[in-house]
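Inside the fold
Listed below, chain by chain, are the residues.
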Amino acid sequence: MKFSTRARYGLRAMLELAQNYNPSEPTPLFQIAEKQGISEGYLEQMMTVLRKGGLVRSVRGAQGGYLLSRAPEKISTGEIIRCLEGPLGPTGCVSEEDPEMCGRSDICVTRALWEKVRSSVADVLDGTTLEDLCQEAEKMRRSREANMYYI
């Protein structure tokens with residue numbers, strides 16, 4: 001299963017908001033774009049979708065930007081991916097919402113496999129929160145620092 005650039009960049013943007021989480025201090029769009037290497041225009045489009053999906057709030061003005069709508073431990077990566085990509089499904093006949101009708105569904109051996117793939121992906125994404133990713137990022141940062149030496 002391959003996720004689009006929109007999903008990958010959107011997840012990175014949400015992780016940036018989670019790493020700087022402060023419910024009363026929005027993160028400016030340009031800062032997210034700069035730190036994550038995403039164009040501001042493309043990021044603005046994604047943030048609009050995430051805002052409409054209830055995952056972020058926007059604050060206007062000179063001190064404006066974006067805030068997570070809930071604490072990082074309350075937002076799963078599955079919510080983010082579904083907001084940006086739609087329902088999970090490696091094939092149309094096993095999509096989470098409104099699976100396509102297939103004349104072969106009663107005799108298709110591979111349908112059960114695709115259902116397992118979808119369920120496994122959903123379990124991983126739904127079982128991983130932004131807080132989990134923040135903790136993993138911190139472990140990676142510490143590991144990089146431990147491997148650096150100075151002369």
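Model, not experiment: these values are computed from the prediction. (Residues numbered from 1 in each chain as written. Predicted model: local features only at pLDDT ≥ 70, side-chain atom pairs only at ≥ 80, totals over all residues. Heavy atoms only, no water.)

1. A few points about the side chain of Thr27
Put simply, the test is: Each helix corresponds to a stretch of at least 4 residues labelled H or I by DSSP, and each strand to a stretch of at least 2 residues labelled E; elements are numbered beginning at the N terminus. When accessible area is computed with a 1.4 Å probe and restricted to protein chains, residues below 20% of their type maximum are described as buried, those above 50% as exposed, and intermediate ones as partly exposed. Whether two residues are in contact is decided by their heavy atoms, any of which lying within 4.5 Å being enough.
When you line up the elements, Thr27 lands in the loop between helix 1 (5-19) and helix 2 (29-36). Residue classification places Thr27 among the buried positions, given a relative accessible area of 5%. Thr27 has contacts with Leu17, Asn20, Ile32, Gly64, Gly65 and Tyr66, leaving out every residue within four places of it along the chain.

2. What to know about the pattern of salt bridges
Heads up, the rule is: What counts as a salt bridge is simple: a side-chain nitrogen of Lys or Arg found within 4 Å of a carboxyl oxygen of Asp or Glu.
One pass over the full model with this rule turns up seven salt bridges. A salt bridge links Lys35 to Glu16; the nearest nitrogen and oxygen atoms lie 3.7 Å apart. Of this pair, Lys35 sits in helix 2 while Glu16 sits in helix 1, placing them 19 residues apart in sequence. Owing to a relative accessible area of 52%, Lys35 belongs among the exposed residues under this scheme. The exposure class assigned to Glu16 is buried, which follows from its relative accessible area of 5%.

3. Some words on the packing of aromatic side chains
What counts is decided by this rule: Paired rings are identified among Phe, Tyr and Trp, the last through its six-membered ring, by centres lying within 6.5 Å, and are further divided according to the angle between planes into stacked (under 30 degrees), edge-to-face (over 60) and tilted (the rest).
For the structure on display, the rule yields one aromatic pair. Ring centres 5.9 Å apart and planes at 80 degrees place the aromatic pair Tyr9 and Tyr42 in the edge-to-face group. Of this pair, Tyr9 sits in helix 1 while Tyr42 sits in helix 3 (residues 40-52); the two residues are 33 residues apart in sequence, bridging distant segments of the chain. Of the residues examined, Tyr42 reaches a relative accessible area of 26% and is grouped as partly exposed.

4. So, the confidence of the model for the protein chain
Going by this rule: The pLDDT value expresses, per residue, how confident the predictor is, ranging between 0 and 100.
Summarising the model, the protein chain shows a mean pLDDT of 91, and 97% of its residues fall at 70 or more. Considering each helix and strand of the protein chain separately, the mean pLDDT is smallest for helix 6 (residues 130-146), with a value of 90, and largest for helix 4 (residues 77-85), with 97.

5. Quick look at helix 5 (residues 109-126)
Quick note on the threshold: In this analysis, the expected span of each helix is defined as 1.5 Å times one less than the number of residues it contains. The arc under discussion is defined with respect to the helix axis, by the directions toward the C-beta atoms.
Between its first and last C-alpha atoms helix 5 spans 27 Å; for 18 residues at 1.5 Å apiece the expected length is 26 Å, and the two agree. Taken together, the buried positions of helix 5 are Arg118, Ala122 and Leu125. Relative to the axis of helix 5, the buried residues are bounded by an arc of 65 degrees and lie together on one face. For helix 5, the exposed residues lying more than 90 degrees away from the buried face are Val109, Lys116, Asp123 and Val124. On the buried face of helix 5, the contacting elements are helix 4.

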